Amino acid sequence: MVKICCIGAGYVGGPTMAVIALKCPSIEVAVVDISQPRISAWNSDHLPIYEPGLDDVVKQCRGKNLFFSNDVEKHVAEADIVFVSVNTPTKSQGLGAGKAADLTYWESAARMIADVSKSAKIVVEKSTVPVKTAEAIEKILTHNSKGINFQILSNPEFLAEGTAIQDLFNPDRVLIGGRETPEGLKAVQTLKEVYAHWVPEERIICSNLWSAELSKLAANAFLAQRISSVNAMSALCEATGADVSQVSHAVGKDTRIGPKFLNASVGFGGSCFQKDILNLVYICECNGLPEVANYWKHVIKINDYQKARFVNRIVSSMFNTVSGKKIGILGFAFKKDTGDTRETPAIDVCRGLLVDKAQLSIYDPQVSQDQIQKDLTMVKFDWEHPVLLKPASPTALKQVSFAWDAYEASKDAHGICFLTEWDEFKTLDFQKIYDNMQKPAFVFDGRNVVNPDKLRQIGFIVYSIGKPLDQWLKDMPAVL
Ligand code: NAI
């Protein structure tokens, strides 16, 4: 039986390994992590992450050929293939602070693999890493390994949170990069055979190591760039009376462009897009390519602009002050069908409103009160000027309350903001919400989940990103 061990039981390691275990009954898969609470949760009925379909996959394999454990060294020592899926955040201090990837977790995992290994292993980079990381990892492994043979492969993960299981069952492609030596090619073949249990052969792409590493950064940069492009257009739509949904529909019909990822919103979030683009920017700068670095930097600048613009719209349309006014925040996760709040635009929007002294009532179906409090008070890093941004103060936190549902969050509110596109928001009883709100009642739709015309008929003043403005908003000059 082939044994696989995955270091890092997070959003990537957990679902990816669960699907490998389900599709390959002949392979034993151990997912290991230094975090005890995370492993206990994987072994319980309340998995540490919310992902549609994940519970079912885990239930089918856990205890048979899928195991979650804190005994990292034992499982690494026994494995033939070791995936490394640890976090690779942006460095917050020292050389490259604010841009470069922090490979501390990766390096410590690599040193541990070298330490405990007694037999040859294939080590797979699953985390998103800077191009050329495999070279550094190879050095760590070979200089510490007592002559054991390691083959390094790059197998970046392309799943999207919220649709992880679907993406893993039916990936657009699986990418495997390896050394172009006989041993390297053999290792690529071994990993290919794992995926071939369920992925059609033509969707398994093999490349050299550096192409595989760079392709992941490039894919995320291209995806984020599409969002920033349509968001930039949304500002122009508001200024001209064009409707961004109609523009993206027309643009996306061009088969060279395609319809996906063209929805305007309050901005992209998630743990990957910003950090991976910053990482790309840093690599470009280190390679003497400042123009290329600047090009990609602007994708993040537009994202920051979009969040700031949203807050400014809210404040300016409510007579230039939200002080003491209750605002219902509907949705906090960075997208629907996940409880993940890393880099969610909701953090910046809420902080912006708190600075203006709003009273926030927050509701999200999957995000806990604890998590939201942590996010609002967390010290954030200003990527452009490597300084720490002030968190919301303990006093500001007194302006925040938490609601059980959208109706409670909007009761007696002056305005409500949609910050995540949860399906349940599409079927709310807006007449009931309107009746229970202060007047004029405002809706600020950061995800284009509501039908503005229907809400206007009820009596709401509606701001939807990139859509023609109400006369009210036209009359209230906003600094955008
Ligand atoms: P995560 O933070 O959810 O999980 C990482 C896990 O690694 C944590 O549970 C941590 O305790 C563990 N860990 C760190 N150092 C360790 C060590 N030395 N030994 C054992 N465990 C250790 O991170 P996530 O979201 O799963 O991301 C992992 C990597 O995958 C990152 O490089 C990310 O960029 C990449 N990625 C993430 C995607 C996503 O949607 N979240 C999608 C594709 C790639």
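Residues numbered from 1 in each chain as written. Predicted model: local features only at pLDDT ≥ 70, side-chain atom pairs only at ≥ 80, totals over all residues.

(A) Molecular detail of the overall build of the chain. Tallying secondary structure elements over the chain gives 19 helices and 16 strands in all. Summarising its shape, the C-alpha atoms of the chain cover approximately 75 × 50 × 45 Å along the three principal directions. Out of the 480 residues belonging to the chain, those deemed buried represent 48%. A separation of at least 24 residues holds for 75% of the contacts in the chain among residues at least 6 apart in sequence. (Helix = DSSP H or I, 4+ residues; strand = E, 2+ residues; numbered from the N terminus. Buried ≥ 20, exposed ≤ 12 C-beta atoms within 10 Å, placed from the backbone. Contact = placed C-beta atoms within 7 Å.)

(B) Region of the structure containing the domain arrangement of the chain. The domain boundaries assigned to the chain delineate domain 1 (2–199) and domain 2 (224–475). For domain 1 versus domain 2, the separation of C-alpha centres amounts to 33 Å. Here the side of domain 1 that touches domain 2 is built from residues that sort into ten nonpolar, six polar and three charged. (Domains from an automatic or database assignment. Nonpolar A, V, L, I, M, F, W, Y, C, P; charged D, E, K, R; others polar.)

(C) Fine view of the site of the ligand. The local shell around the ligand holds 26 residues, among which Gly8, Gly10, Tyr11, Val12 and Ser127 are the closest. Partitioning the shell around the ligand into residue classes produces eleven nonpolar, eleven polar and four charged. (Near = placed C-beta within 6 Å.)

(D) A look at the packing of helix α12 (residues 290–317) against helix α13 (residues 345–355). The geometry of α12 relative to α13 is characterised by a closest axis approach of 9 Å and an angle of 40° between their N-to-C directions. With respect to each other, α12 and α13 are oriented oblique. The handedness of the crossing between α12 and α13 comes out as right-handed. Contact residues: Lys307, Phe310, Val311 and Ile314 in α12; Pro345, Asp348, Val349, Gly352 and Leu353 in α13. (Axes fitted to C-alpha atoms, helices over the stretch in contact; angles between N-to-C directions. Parallel < 35°, antiparallel > 145°, perpendicular 65-115°, else oblique. Left-handed = near helix turned anticlockwise from the far one by under 90°.)

(E) Structural detail: the nonpolar core. Core analysis: the largest hydrophobic core is formed by 75 residues, its most contacted members being Ile329, Leu330, Leu353 and Cys417. Among the elements that line this core, the one with the most residues is α12, at eight residues. With residues up to four places along the chain from it excluded, the contact list for Leu353 reads Val311, Ile314, Val322, Ile327, Ala358 and Leu360. Formed by 62 residues, the second largest nonpolar core is a distinct cluster that contains Ala9, Ile20, Ala109 and Val124. (Core = buried A, V, L, I, M, F, W, Y, C linked by C-beta atoms within 7 Å.)

(F) Representation of the sheet that holds strand β14 (residues 415–418) within the structure. Taken together, six strands build an open sheet; the order of strands is β13-β10-β9-β14-β15-β16 and the sheet is parallel. The sheet terminates laterally at β13 (400–402) and β16 (461–464), the two strands that pair on one side only. Pairs of neighbouring strands in the sheet enclose a mean axial angle of 20°, with direction left out of account. As paired strands, strand β15 (residues 442–445) and β16 are joined by four bridges and run parallel to one another. What sits directly across from Phe444, in β16, is Tyr463. (Pairing = 2+ DSSP bridges.)

(G) Representation of the pairing of β15. Burial of the side chains of β15 extends over both faces: Phe442 and Phe444 are buried on one face and Val443 and Asp445 on the other. In this sheet, β15 lies alongside β14 in parallel orientation, the contact comprising four bridges. Across the sheet, Cys417 pairs through a bridge with Phe444, a residue of β15. Running through helix α17 (residues 430–435), the crossover from β14 to the neighbouring parallel element β15 is right-handed. Following the chain from β15 across helix α18 (residues 452–458) to the adjacent parallel β16, one finds a crossover that is right-handed. (Right-handed = clockwise from strand over helix to strand, strands pointing away.)

(H) Just the confidence of the model for the chain, in detail. Of all residues in the chain, 99% have pLDDT values of 70 or greater, and the mean over the chain is 95. Both scores are given for the predicted complex: the pTM is 0.95, the ipTM 0.99. (pLDDT = per-residue confidence, 0-100.)

(I) Expanded view of the UniProt feature "active site" (unreviewed entry) in the chain. When the UniProt feature table is mapped onto this chain, "active site" (unreviewed entry) is found at Cys272. Residue position: Cys272 is located in the loop between α10 (244–252) and α11 (273–286). A residue is classified by how many C-beta atoms lie within 10 Å of it, and Cys272, with 24 of them, is buried. Once residues lying within four places of it in the same chain are set aside, the contact partners of Cys272 are Thr128 and Asn220. (UniProt positions renumbered as here; feature names shortened; annotations may be inferred.)

(J) Geometry of the packing of helix α5 (residues 104–116) against helix α6 (residues 133–143). Packing of α5 against α6 leaves a shortest axis separation of 8 Å and a crossing angle of 30°. By crossing handedness, the relation of α5 to α6 is classed as right-handed. Mapping the contact onto sequence places Glu107, Ala110, Arg111, Ile113 and Ala114 in α5 and Ile137, Ile140 and Leu141 in α6. Looking at side-chain class alone, the contact of α5 with α6 contains six nonpolar, no polar and two charged residues.

(K) Representation of the pairing of strand β8 (residues 204–208) within the structure. Looking at chain direction, strand β7 (residues 174–178) and β8 are connected through five bridges and run parallel. Paired with Ile176 across the bridge in β8 is Cys206. Note that the unit made of β7, helix α8 (residues 182–195) and β8 has a crossover that is right-handed.

(L) Highlighting helix α3 (residues 54–61). Within the span of α3, buried status applies to Val57, Val58 and Cys61. Summarising the axial view, the buried residues of α3 lie within an arc of 95°, below the 170-degree limit, and thus occupy one face. Exposed residues on α3 whose side chains face more than 90 degrees from its buried face are Asp56 and Gln60. Contact partners of the buried residues in α3: α1 (13–23), β3 (66–69) and α7 (164–169). A positive backbone phi angle near 85° is found at Gly63, which sits one or two residues after α3. (Arc of directions from axis to C-beta.)

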